[in-house]
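What the coordinates show
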Amino acid sequence: MKTKLEKPKLPAELQPLETIRSLESKEVISGGMLENIAIEGLEATRVSFDKTLLRNVTVTESSLEQLELTDVVFEGCDLSNVVMSGAFMLRSEFVDCKLIGTDFSQSKLQNVRFVNCLSDYSNFRFANFKQVSFEDCSLGSADFYSSTIKHLQFMRCNLDQATLNGSKLTGVDLSDSRFDVLHVNLDDLEGCTIAAHQAAAFVGLMGMVVR
């Protein structure tokens, strides 16, 4: 069953925001649009973005721990290797974004969509997923270790070498995603949907050998 998500609630008209060159901890940015900029060296905690569109924004060498996103859309952004551990995300979307190695560990995500994102080696360890969808994303070697899952879907994703150990996959449908190897505990697969051709990837978990 397809997970129904609440969409970000953006104003009909968004005014351009001043270019961000630095951020203070607990700073609030609301009701505007940032686009076509490159930012580096951001170091702040508990920064809040609310009702904001970020388009073609590149962020490098930055740490934004405990970031708070509410009704935020990222389009065509590059946030590779940015540290966003402990983030809280509500009704937010990442569309056509580059998220290679991005650290979302220990984050809480509710009504969040990732669409056509390059997210290989991204880190979601100990994250909490509630109503979250990955669609047409590359998640090769991504790490979902010991995540808490309630209504998480992967649609047409690359999950090869992804780590899902310790994450209960009840209700998760992997049948139209791609992987040769998936790191997962056998017990965690209970209630998970897979395609027939994917079964061989899990034979080793049962101590069997296929000749």
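This is a predicted model, so every value here is computed, not measured. (Residues numbered from 1 in each chain as written. Predicted model: local features only at pLDDT ≥ 70, side-chain atom pairs only at ≥ 80, totals over all residues. Heavy atoms only, no water.)

1. Remarks on the packing of aromatic side chains
Applying the stated criterion across every chain, the model contains 16 aromatic pairs. Arranged with centres 6.0 Å apart and planes meeting at 90 degrees, the rings of F114 and F124 form a pair that is edge-to-face. Here the residue F114 occupies a position in strand β6 (residues 108-115), and F124 occupies one in the loop between β6 and β7 (128-135), the gap between them amounting to 10 residues. Ring geometry for F124 against F134: centres 5.6 Å apart, planes inclined by 85 degrees, an arrangement best described as edge-to-face. Of this pair, F124 sits in the loop between β6 and β7 while F134 sits in strand β7, and the two are 10 residues apart along the sequence. Grouping residues by exposure puts F124 and F134 together as buried. Aromatic ring contacts, followed pair by pair, group F74, F94, F104, F114, F124, F129, F134, F144 and F154 into a single cluster. (Phe/Tyr/Trp six-rings, centres within 6.5 Å; stacked < 30°, edge-to-face > 60°. Helix = DSSP H or I, 4+ residues; strand = E, 2+ residues; numbered from the N terminus. Buried < 20%, exposed > 50% of the residue type's maximum accessible area, 1.4 Å probe, protein only.)

2. Describing the nonpolar core
With 57 residues, the main nonpolar core has F94, F114, F129, F134 and F154 as its most contacted residues. Of all the secondary-structure elements, those providing two or more residues to this core are β2 (28-40), β3 (48-60), β4 (68-75), β5 (88-95), β6, β7 and β8 (148-155). With residues near it in sequence (within four places) discarded, F114 still touches F94, L99, F104, L109, F124, V132, S133, F134, E135 and C137. (Core = buried A, V, L, I, M, F, W, Y, C linked by side-chain atoms within 4.5 Å. Contact = heavy atoms within 4.5 Å.)

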